[in-house]
Amino acid sequence: MWENLETSQKEIYKKLITNFASLSEAFAQKEDETANVIIAPIINSKYQETSFKNSFNATIEDIGNSSFDASINNGNQGKYLVGIKAFGVKSGFQKIAQFKSSSQSEDWFSIISSIKNRNMNGKSKEDFDDYLKLASRIATLRNKRIESSKSQLQGFDYTQDVSSVYHVLMPSPTIKSPKKGDRPYIMVGETSYLPIDIDNLKILGPTSKDHLQNFRFTDTNHIYQYNSADSQLLMSFHATDKKNEDNESIGVEKWPIQYIDNAFDFFLNLPTVKTTKANNHVTQSFTFAIKTNRRSGFNEWFAGPKNPIKERDNRYLELVTLGESILGKKVNWKKNIDFVLFGDFNTSKEKEKRENIRAVLTKQAEPYPELLKKVLVALWRGDKPYEVYIPVPNAREFNRAYPNFFATGAGLLEGSKLTSPVSTRTFTIRFMPSEEEIEMVLTQANGKAIQSVDSQYKFGKWVLKKIFQLNDRELLTDDILDELNINAMCLKKYDDGRPITLEFTYVDPDNEPDDFWK
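Parameters at a glance
- Residues numbered from 1 in each chain as written.
- Predicted model: local features only at pLDDT ≥ 70, side-chain atom pairs only at ≥ 80, totals over all residues.
- Heavy atoms only, no water.
- Helix = DSSP H or I, 4+ residues; strand = E, 2+ residues; numbered from the N terminus.
- Expected span 1.5 Å × (residues − 1).
- Buried < 20%, exposed > 50% of the residue type's maximum accessible area, 1.4 Å probe, protein only.
- Core = buried A, V, L, I, M, F, W, Y, C linked by side-chain atoms within 4.5 Å.
- Contact = heavy atoms within 4.5 Å.
- Phe/Tyr/Trp six-rings, centres within 6.5 Å; stacked < 30°, edge-to-face > 60°.
- Lys NZ or Arg CZ within 6 Å of the ring centre and 35° of its normal.
- Polar contact = N/O pair within 3.5 Å; in protein donor to acceptor, adjacent residues only side chain to side chain.
- Salt bridge = Lys/Arg side-chain N within 4 Å of Asp/Glu carboxyl O.
- Pairing = 2+ DSSP bridges.
- Axes fitted to C-alpha atoms, helices over the stretch in contact; angles between N-to-C directions.

## Topic: helix 12 (residues 456-467)
Here comes step 1: Here helix 12 spans 15 Å end to end across 12 residues, near enough to the 16 Å set by a 1.5 Å rise per residue.
Here comes step 2: Of all the positions in helix 12, only Gln456, Phe459, Gly460, Trp462, Val463, Leu464 and Ile467 are classed as buried.
Here comes step 3: Remark: Gln469 follows helix 12 within two positions and exhibits a positive phi of approximately 55 degrees.

As C-alpha cells, then:
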C-alpha cells in the first residue's frame, strides 16, 4: 500500500508525525536529568490515526466491530483496509484481537483445564490436539471478522478486491549511552494483514511450562500467541521467525527525528491561532441496536410464505405427490407437509416446532432440485433466502419523536399506520465505508421496517452472507453478532445534500453513545 500512496500525502503525514515527535522531550522523564540519554520518540496512537485520516482522506474504522482501524477508498486506484499500529522496533508480540465473549460462552477454559490436568507441560499429543482445537476456533472467528469488514468496504457490486495491510510506526529505542552518529528515528513499517490459514495451522506449544494457558501457533504467514486470561490474540510483526530479528525487518521508510532544543519554551511561546471548528455537516445521528427476533428484521426470510397454498391447490398436490414418489410414504412426507401448511400455531413453542419440521422436510428434499424448489416456494419465502429489512427499534416511539428523520413526513403515524404516500417515505441510504447507495422505503406497522425499493434480494444477500457471514437459511443470533463484534447500526443525517449514511458498528453495553436508540 505505502508505495502506491500519493507522495504529497505521505509528506503531509510524515510532517504531522515527526513534528509531534520532535516535542517528545517535553513528555519524557529521565531518571537523571544530567545523563546523556537519547529518549525514544513519542507516538500517540489516537493522534496517529487522526493524522493518517487527514493525510490520506481515510475513514476511521476503529468502532469496535471492525478488525481494522481505517479504510482508504481511492476508487479504481485501490481500496485498502488498514490496521494501524505503533510499537517499538524491539517490541515483541502485539495485540490484534480479543474474543472475550466467545471464550466465555463456549467455555474455552475447559480445554485449557484439560491440558493442565494432564501434567504433560503442554507437550503431549492430546495437549497439542487441544491447542489446535482452540487455534482453529480462534482462526475461524478472526477470519469472519476480517471478511465482514472487507465486505463493508467492497459494497454490493464490487469489481475489485480490497487489499488489507498493517501500517506501523516504530520509534527507535531509548539510547542510554549514545555513540557518535546515534539519532532518534521513526521507522514506517508495513506487513500483510491476512486471514489465518486454517489449513496450515501448526502448534508451537505453550509460552512456558508455568503458563500452559498461553500458547503460540503459526499458519506459515505469521506467528500468533493466545493469552487465555484476557482472551487476547497477539501477533509477531517480524518478517521471519529468526530469534535475533527485530521489527525493522518490515520497515519501508525511515524518518529521522530532530528534537526541539527546549520544548517547554516552544509551548510557552506558541502563538495564539484562531481556529474554526470543522463542520462535519451532521445534523442528526442515531445508533440503532440490532434485534435478532425470529421471523422479522434480518431474519424476515425465516417467516412463513406470504401466500400460503391451500389443501386442494395444484401446488400442494404436486408437492405431496412428487415427495412421496421420491422418498416413499414411510417418511411421513404428507403428514409433515400438512402439519407445516395447515396446523394452528399460536404460541412461540408451536411455531418453533413447525419450523423444526420444515427444516427436516427441506433437508430431505435437498438432494432433489425439483422437489427442493417446490418445498422452498411452498414452505418458505421462496427459493432465495434473502428477504430482509432494516429494523427500526421501538419504531412507534421513534417515528413519533422524529417523523422527519428519514424524509420529511416519512414517519407520520395515525395509530400504527404510516400516513404519508410511498413516494414521501422513499429515501436514499449510503452504506459506509463503500459509499454505495440504495433507494429505501419506510414501511410496515409503526414504520418498523426500512426495505429496499427494488434491490431487496441483492441487499439481503450482501448483508446476510457478507456482513453477518451466514450460510443460506441460517438465523442471525446474538451469539453470531458477538462473534463478529457487531451489534448496532449508526445512521447519520446531513445538511450538505448527502444522503443518510449507515454503518454497522459495535456498542459497548457499559458505554452506550448518547444517540443510542434501542
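## Here's the deal with the environment of Glu318
Here comes step 1: When you line up the elements, Glu318 lands in helix 7 (residues 314-327).
Here comes step 2: The spatial distance from the C-alpha of Glu318 to the C-alpha of Leu371 is 9.3 Å, given a sequence separation of 53 residues.

## Side note on the nonpolar core
Here comes step 1: Core analysis: the largest hydrophobic core is formed by 63 residues, its most contacted members being Phe298, Ile390, Phe406, Phe459, Val463, Phe468 and Phe504.
Here comes step 2: A per-element tally of this core places helix 10 (residues 369-379) first, with 6 residues.
Here comes step 3: Residues in contact with Phe298, not counting those within four places in the same chain, are Ile290, Val388, Tyr389, Ile390, Pro391, Val463, Leu464, Phe468, Leu476, Met489 and Phe504.
Here comes step 4: Counting 38 residues, the second-largest nonpolar core is a separate cluster that includes Ala97, Ala135, Tyr166 and Phe217.

## Some points on the packing of aromatic side chains
How two aromatic rings sit relative to each other is given by the distance of their centres and the angle of their planes.
Here comes step 1: The tally for this structure, following the rule as stated, stands at 46 aromatic pairs.
Here comes step 2: Geometrically, the ring pair formed by Phe288 and Phe398 is edge-to-face, given 5.2 Å between the ring centres and 90 degrees between the ring planes. Within this pair, whereas Phe288 is found in strand 12 (residues 282-289), its partner Phe398 is found in helix 11 (residues 395-401), the two being separated by 110 residues in sequence.
Here comes step 3: Ring geometry for Phe459 versus Trp462: centroids 6.2 Å apart, planes at 40 degrees, classification tilted. Residue Phe459 and its partner Trp462 are located together in helix 12, separated by 3 residues, close to a single helical turn.
Here comes step 4: Phe459 gets classed as buried once you look at its relative accessible area, which sits at 1%.
Here comes step 5: The structure contains a cluster of three or more aromatic residues connected by ring pairs, namely Phe99, Trp108, Phe128, Tyr131, Phe215, Phe217, Tyr224 and Tyr226.
Here comes step 6: The lysine or arginine in question, Arg358, covers the ring of Phe302, its NZ or CZ lying 4.9 Å from the ring centre.
Here comes step 7: One cation-aromatic arrangement involves Arg358 over Trp380; the distance from NZ or CZ to the ring centre is 3.6 Å.

## Re the environment of Lys518
Here comes step 1: Counting through the fold element by element, Lys518 comes out in the segment after strand 21 (516-517).
Here comes step 2: Considering only alpha carbons, one finds Lys518 and Arg137, 381 residues apart in sequence, at a separation of 31 Å.
Here comes step 3: A distance of 3.1 Å separates the side chain of Lys518 from the side chain of Glu512, its partner in a polar contact.

## Let's talk about the pattern of salt bridges
Here comes step 1: Taken as a whole and judged by the stated rule, the model has 20 salt bridges.
Here comes step 2: With its nearest N and O atoms 2.4 Å apart, the salt bridge here joins Glu355 to Arg295. Taken together, the residues Glu355 in helix 9 (residues 348-365) and Arg295 in the loop between strand 12 and helix 7 connect sequence positions 60 residues apart.
Here comes step 3: A salt bridge links Arg381 to Glu300; its shortest N-O distance comes to 3.1 Å. Pair noted here: Arg381 is in the loop between helix 10 and strand 13 (390-391) and Glu300 is in the loop between strand 12 and helix 7, with a separation of 81 residues, a long-range link. Across this residue pair, the class does not change: Arg381 and Glu300 are buried.
Here comes step 4: Members of the salt-bridge network, linked through shared partners, are Glu106, Arg137, Lys144 and Glu483.

## Regarding the sheet that holds strand 9 (residues 223-227)
Here comes step 1: Taken in spatial order, the 5 strands of this open sheet run 4-10-9-8-7, and their pairing is antiparallel. Strands at the two margins of the open sheet, each flanked by one partner only, are strand 4 (94-98) and strand 7 (202-206). With direction set aside, neighbouring strand axes in the sheet form an average angle of 25 degrees.
Here comes step 2: Bridge count for strand 4 against strand 10 (residues 232-235) is 4 bridges, and the pairing is antiparallel. Across the sheet, Gln94 pairs through a bridge with Met235, a residue of strand 10.
Here comes step 3: Strands strand 4, strand 7, strand 8 (215-218), strand 9 and strand 10 of the sheet are contacted by helix 5 (residues 125-154), whose axis makes an angle of about 115 degrees with strand 7.

## Side note on the side chain of Ser231
Here comes step 1: Assignment of secondary structure puts Ser231 in the loop between strand 9 and strand 10.
Here comes step 2: Under the relative-accessibility criterion, Ser231 is labelled buried at 5%.
Here comes step 3: One polar contact links Ser231 to Ser103, side chain to side chain, over a distance of 2.8 Å.
Here comes step 4: When residues no more than four places from it in sequence are discounted, the contact partners of Ser231 are Ala97, Gln98, Phe99, Lys100, Ser103 and Tyr226.

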